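Each chain, letter by letter, is given below.
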Amino acid sequence: MNDLTFNGHIDFRSQQYENQKDSFGMRTMEINPTELCNRTCSFCPRGDWYPNKNVHLNTENARLIKRRLDEFDYQGIVILSGKGEPMLNPNINEIVSILSDRWLELITNGDRILKKPSLLDNLFENGLSRIIIDEYDNLENYNKKIEILGDRNGAIKNHFSKHHNYNNRSGSFETIEGSLNRKCYLPFYKGYIDLTMDMRFCCNDWKYKESLGNIKDSTIEELWMSSKMNSYRKDLSVGNRCNIISCKKCDADGMLLGEDSFNTLMEVI
């Protein structure tokens, strides 16, 4: 177990990517398992305007995601996180089991695990590789989560006393007046599948939810390497965030990870 600082997270991911085979540059696939959350955090659109819905990823669609990842020969990281609290999905253990043939992580606020620590055992018994547990409130809960995690593969992320790199979620909050003239590597290395089975352009896009298409109708490769996605990549390769609606007011750094994927894809698009 370790205390997951912002820099520690970047270093950990960088090391993972160095030892990982990419699929057309993709190194991480994030999956949204639920639109429900038990919190309304100030840095999250859900605390302002984003609706809280009791809608979840089902096991049939989880199996579809697995088939599409297999077709894509995807050997990278899969993360269950998205726009809600994964532990509120009633099928979370079965979903973990379905997707467990790859490196699989889950990011949680840990509230349910604090109340029922055996939930953590269930996740790892079903094949979870690593868990990241956020702590937003206080040192007491932080220490309890450290104790519950024990020697399992995971980390506690301290949000109550340490800096974390929150961004404005594609302009969901007005933090900048114009557009940043800055490259972004996210669409070069990170995919995102919503619980609708839409593959979204960006994991940070809470506001526009721009879809590349649906994996019920298309393969991941077709969507990831589509003309639309590659057109956006070309704009972002020279810092033209102003040309993309979900990037115009985004203040994400965008260049903390993914340079290798950027270089790989820029040779072929």
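Quick caveat: nothing in here was measured; it's all calculated off a predicted structure.

Turning next to the packing of aromatic side chains. Any aromatic ring pair is given by two values, namely how distant the centres are and how the planes are angled relative to each other. On inspection of all chains with the given rule, the structure shows 11 aromatic pairs. Centroid distance Phe43 to Tyr166: 4.1 Å. Interplanar angle 5°. Geometry classified as stacked. Remark: Tyr166 occurs in the loop between β6 (154-158) and α7 (186-189) and Phe43 occurs in the loop between β2 (28-31) and α2 (59-71); sequence separation between them is 123 residues. The exposure class of Phe43 is partly exposed, given its relative accessible area of 22%. Relative accessible area serves as the criterion here: at 35%, Tyr166 is assigned to the partly exposed category. Seen in terms of ring centroids, Phe188 and Phe262 are 4.9 Å apart; in terms of plane orientation they differ by 65°. Their pairing is edge-to-face. Placement of the pair is Phe188 in helix α7 and Phe262 in helix α10 (residues 259-266), with a sequence separation of 74 residues.

Our focus in this paragraph is the state of the cysteines. Counting across every chain of the model gives zero disulfides. The thiol of Cys242 is unpaired, and the distance to the nearest cysteine sulfur, on Cys247, comes to 9.9 Å. A disulfide-free cysteine, Cys247 has its sulfur positioned 6.3 Å from the sulfur of Cys250, the nearest such atom.

Here the focus is unusual backbone geometry. Notably, Arg169 is not glycine yet its phi reads approximately 50°, a positive angle. Arg169 sits in the partly exposed class, given a relative accessible area of 23%.

With respect to the helices, strands and loops of the structure, Arg39 is situated in the loop between β2 and α2. For Arg39, the side chain forms a polar contact with the side chain of Asp111, separated by 2.7 Å. A polar side-chain atom of Arg39 sits 2.6 Å from a polar atom in the side chain of Asp137. With residues up to four places along the chain from it excluded, the contact list for Arg39 reads Arg46, Asn109, Asp111, Tyr136 and Asp137.

Rules used throughout
- Residues numbered from 1 in each chain as written.
- Predicted model: local features only at pLDDT ≥ 70, side-chain atom pairs only at ≥ 80, totals over all residues.
- Heavy atoms only, no water.
- Phe/Tyr/Trp six-rings, centres within 6.5 Å; stacked < 30°, edge-to-face > 60°.
- Helix = DSSP H or I, 4+ residues; strand = E, 2+ residues; numbered from the N terminus.
- Buried < 20%, exposed > 50% of the residue type's maximum accessible area, 1.4 Å probe, protein only.
- Disulfide = S-S within 2.5 Å.
- Polar contact = N/O pair within 3.5 Å; in protein donor to acceptor, adjacent residues only side chain to side chain.
- Contact = heavy atoms within 4.5 Å.

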